[in-house]
Amino acid sequence: MKLVITMSRRYGTGASRIAQELSERLGIPVYDKVNVEEEMSRHTYDSEVEVIKKLAENPCIILGRCASEILKDRRNAFNIYVCADKEDRIKRIMGKENLSHEEAEQKIEKTDQERAEYYYEHTGKTWGDVNNYHMILNTSDLGLENCADILMKYFERKEYI
């Protein structure tokens, strides 16, 4: 199966690390906002939707960009939502970006709000609604270091890989 993984995430959950680890294990690329925008500028795509559909012609991981909704009708798309407790997210952002507790909390709130608005604007749906995903991963409960293993075991068991 030409597995395409979409990964929506709250800011500071470590989803980018999970995506990178899966990318290495599966030998497939990860695309995020920057990659999608680069593809749009290099080619004559009219929209991010076109870019995402083109990227999804081959196995890959797409972070954000409403890819779960754009690819919802594809049988080979597996939609994941990554969340974590707010305090864990704050600590992760404090360490990653060298911010104070208050600065990290404000950045998390602002980024989450922007992502929720973007998702609603482009899909008319609520960002993070469990009905829009095949699997929800809480990195606070599961441990960031375990999430790629959990996904790999699931993909193997379901014979997606």
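What counts and what doesn't
Residues numbered from 1 in each chain as written. Predicted model: local features only at pLDDT ≥ 70, side-chain atom pairs only at ≥ 80, totals over all residues. Heavy atoms only, no water. Salt bridge = Lys/Arg side-chain N within 4 Å of Asp/Glu carboxyl O. Buried < 20%, exposed > 50% of the residue type's maximum accessible area, 1.4 Å probe, protein only. Helix = DSSP H or I, 4+ residues; strand = E, 2+ residues; numbered from the N terminus. Contact = heavy atoms within 4.5 Å. Pairing = 2+ DSSP bridges. UniProt positions renumbered as here; feature names shortened; annotations may be inferred.

1. Here we look at the pattern of salt bridges
Line of reasoning, step 1. All told, the structure shown has 14 salt bridges when counted by the stated rule.
Line of reasoning, step 2. For the salt bridge of Glu69 with Lys72, the shortest nitrogen-to-oxygen distance reads 2.8 Å.
Line of reasoning, step 3. A relative accessible area of 15% places Glu69 in the buried class.
Line of reasoning, step 4. For Lys72, a relative accessible area of 47% gives the class partly exposed.

2. Some points on the environment of Ile5
Line of reasoning, step 1. Mapped onto the secondary structure, Ile5 falls in strand S1 (residues 4-9).
Line of reasoning, step 2. Sequence-wise, Ile5 and Leu22 are 17 residues apart; in three dimensions their C-alpha atoms are separated by 9.7 Å.
Line of reasoning, step 3. Excluding anything up to four places from it in sequence, Ile5 contacts Leu22, Leu26, Cys60, Ile61, Ile62, Phe78, Ile80 and Phe155.

3. A word on the pairing of strand S3 (residues 60-63)
Line of reasoning, step 1. With burial as the criterion, each face of S3 is covered, one bearing Cys60 and Ile62 and the other bearing Ile61 and Leu63.
Line of reasoning, step 2. Inspection of the sheet shows S1 paired to S3 by four bridges, in the parallel sense. Counted as the bridge partner of Ile5 is Ile61 from S3.
Line of reasoning, step 3. Examined bridge by bridge, strand S2 (residues 30-31) and S3 share two bridges and lie parallel to one another. By the bridge assignment, Tyr31 is partnered in S3 with Ile62.

4. Structural notes on the UniProt feature "coiled-coil region" (unreviewed entry) in the chain
Line of reasoning, step 1. UniProt's entry tags residues 94-121 with the feature "coiled-coil region" (unreviewed entry), counted in the numbering of this structure.
Line of reasoning, step 2. The distance from the first to the last C-alpha atom of residues 94-121 is 29 Å, and the span holds 89% helix and 0% strand.

5. Observations regarding unusual backbone geometry
Peptide bonds are mostly trans, and most non-glycine residues show a negative phi.
Line of reasoning, step 1. Non-glycine residue Arg65 carries a positive phi angle of around 60 degrees.
Line of reasoning, step 2. Looking at the element boundaries, Arg65 is found in the loop between S3 and helix H4 (67-70).
Line of reasoning, step 3. When its relative accessible area of 15% is taken as the criterion, Arg65 is described as buried.

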